[in-house]
Amino acid sequence: MTEIVGVSFKRVGKIYFFDPGELRLSRGAAVIVETVRGIEFGRVQLPNRMVDDSKVVQPLKRVIREAAPEDISHEASNRKREADAFKICLAKIKEHKLDMKLIEVELTFDLTKVVFYFTADGRVDFRELVKDLASIFHMRIELRQIGVRDESKAMNGMGICGRALCCATFLADFQPVSIKMAKEQGLSLNPTKISGICGRLMCCLKYEEETYEELNRNLPNPGDVIRTPDGKGEVISVNVLRQLVKAAVRRRDSDDPIIGSYSVGAVTIVSRARVPEVPAPAEAEEVSELKSILD
């Protein structure tokens, strides 16, 4: 077992493990640590605790010290410098006529490196831009291209649910999201209804996926032939959350089928419907459009 503290460097960012040494740090405490990028200012998200050695990447860097008032003041000053650097970089991008969108600027705590985050449709030749920026800031310059999800996380905003974006409030890492999740949850395949403001499938499709997978294992599919207390019938639809099956059943004492609703425990699958190899034209078009979102 190894004692660690978890530190993040952004308001909603990944948590990194550090060796606290003799320090006893509470959640929210400001600390100065050494990273691969240099000396950084961070906030403790996980107080002192013991974790399994398999969860720690050795060698574990130590927390240099708990931040003093002058460190906190210096960090606030760096935030102002970032705003100025953003304006300067925007002007230089315009001057060089580069097809790129500047999103965010980060300065390391010790002012040895500045990172400019941007988005672009393709590769950008920014060598001349780097030279100009280096002559202005006199520190190491890094330009890093990010994706549309990272852009939304940095810019923040409101989702179609009316709440602040998950990625900007509590999601530290992006999880893979697929069309299959939308299908299993019975959602429309209309891209405008299941895509976030980043243009990708909404992250929240992942939240209940395991539950829907478990519930769907017990249910027949529309078109399956099942045996019910009233006789054999064909499944019309299913209610995943209520675990109900709606079916057209032909009763033994009547030629006219009845529409009944049955709990999944009261039915038995007799035969599975044949799944078409090629989706219907309308669905194929929607799936094709969704795939383009994922590319």
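One can find the structure itself at the top, above this paragraph.
Residues numbered from 1 in each chain as written. Predicted model: local features only at pLDDT ≥ 70, side-chain atom pairs only at ≥ 80, totals over all residues. Heavy atoms only, no water.

Novice: Which residues make up the environment of A83, and what are the values?
Specialist: Here A83 shows up in helix α1 (residues 69-96). Residue A83 is classed as partly exposed on the basis of its relative accessible area of 41%. (Helix = DSSP H or I, 4+ residues; strand = E, 2+ residues; numbered from the N terminus. Buried < 20%, exposed > 50% of the residue type's maximum accessible area, 1.4 Å probe, protein only.)

Novice: Can you tell me about the pairing of strand β9 (residues 225-228), naming the residues and giving the values?
Specialist: Of the two faces of β9, the one lined by I226 and T228 is fully buried and the one lined by V225 and R227 carries no buried residue. Of the strand pairs in this sheet, β9 and strand β10 (residues 231-239) are connected by four bridges, and their pairing is antiparallel. In the strand pairing of β10, R227 is matched with K232. Joining the antiparallel neighbours β9 and β10 is a turn of two residues. With three bridges connecting them, β9 and strand β13 (residues 268-271) associate as antiparallel partners. Its bridge partner being in β13, R227 is matched across the sheet by T268. (Pairing = 2+ DSSP bridges.)

Novice: Outline unusual backbone geometry, supporting the account with residue identities and numerical values.
Specialist: Backbone torsion omega between Q58 and P59 reads 0 degrees, so that peptide bond is classified as cis. As for its position among the elements, P59 is in the loop between β4 (38-51) and β5 (63-66). At L111, a residue that is not glycine, the phi angle is positive and equals roughly 60 degrees. By the secondary structure assignment, L111 is in the loop between β6 (101-107) and β7 (113-119).

Novice: Describe the state of the cysteines, with residues and values.
Specialist: Evaluation of the coordinates by the stated rule reveals zero disulfides. No disulfide involves C204; its sulfur sits 6.0 Å from that of C166, the nearest cysteine. (Disulfide = S-S within 2.5 Å.)

Novice: Break down helix α7 (residues 209-217) for me, with residues and values.
Specialist: Residues lying three or four places apart along an α-helix face the same way, a consequence of the helix completing one turn every 3.6 residues. When α7 is considered as a whole, its buried residues turn out to be E209, Y212 and L215. Here the buried residues of α7 occupy an arc of 130 degrees about the axis, which is enough to place them on one side. Exposed residues lying more than 90 degrees from the buried face of α7 are E210 and R217. Packed against the buried residues of α7 are α5 (179-184). (Arc of directions from axis to C-beta. Contact = heavy atoms within 4.5 Å.)

Novice: Explain the pattern of salt bridges to me, and be specific about the residues and the numbers.
Specialist: When charged atoms on two side chains of opposite charge get close, those side chains can pair. All told, the structure shown has 18 salt bridges when counted by the stated rule. Salt-bridge contacts for E214 lead to R217; the nearest nitrogen and oxygen are separated by 2.5 Å. With a gap of three residues between them, E214 and R217 both fall in helix α7, about one helical turn apart. Given a relative accessible area of 45%, E214 falls into the partly exposed group. A salt bridge links R272 to D224; its shortest N-O distance comes to 2.8 Å. (Salt bridge = Lys/Arg side-chain N within 4 Å of Asp/Glu carboxyl O.)

Novice: Please give an account of the packing of aromatic side chains that cites residues and values.
Specialist: Tallying each qualifying case throughout the model produces six aromatic pairs. Ring centres 6.2 Å apart and planes at 85 degrees place the aromatic pair F9 and F18 in the edge-to-face group. Relative accessible area serves as the criterion here: at 28%, F9 is assigned to the partly exposed category. Where F170 meets Y207, the ring centres are 6.4 Å apart and the plane angle is 45 degrees; that geometry is what we call tilted. Residue F170 is found in the loop between α4 (166-169) and α5, and its partner Y207 is found in the loop between α6 (191-194) and α7; the two are separated by 37 residues along the sequence. Note on F170: relative accessible area 51%, which makes it exposed. Cluster of aromatic residues (ring-pair linked, three or more members): F9, Y16 and F18. The lysine or arginine in question, K10, covers the ring of Y117, its NZ or CZ lying 5.1 Å from the ring centre. The positively charged end of K153 is found above the aromatic ring belonging to F174, 5.8 Å away from the centroid. (Phe/Tyr/Trp six-rings, centres within 6.5 Å; stacked < 30°, edge-to-face > 60°. Lys NZ or Arg CZ within 6 Å of the ring centre and 35° of its normal.)

Novice: Explain the sheet that holds β13 residue by residue, including any values.
Specialist: One open sheet holds the five strands; their spatial order is β12-β11-β10-β9-β13, and the pairing between them is antiparallel. The two strands at the open ends of the sheet, each matched to only one other strand, are β12 (257-263) and β13. When strand polarity is set aside, the average angle formed by the axes of neighbouring strands in this sheet is 45 degrees. The sheet contact formed by β10 and strand β11 (residues 244-250) spans six bridges and is antiparallel. Across the sheet, residue V235 finds its bridge partner in β11, namely A247. (Axes fitted to C-alpha atoms, helices over the stretch in contact; angles between N-to-C directions.)

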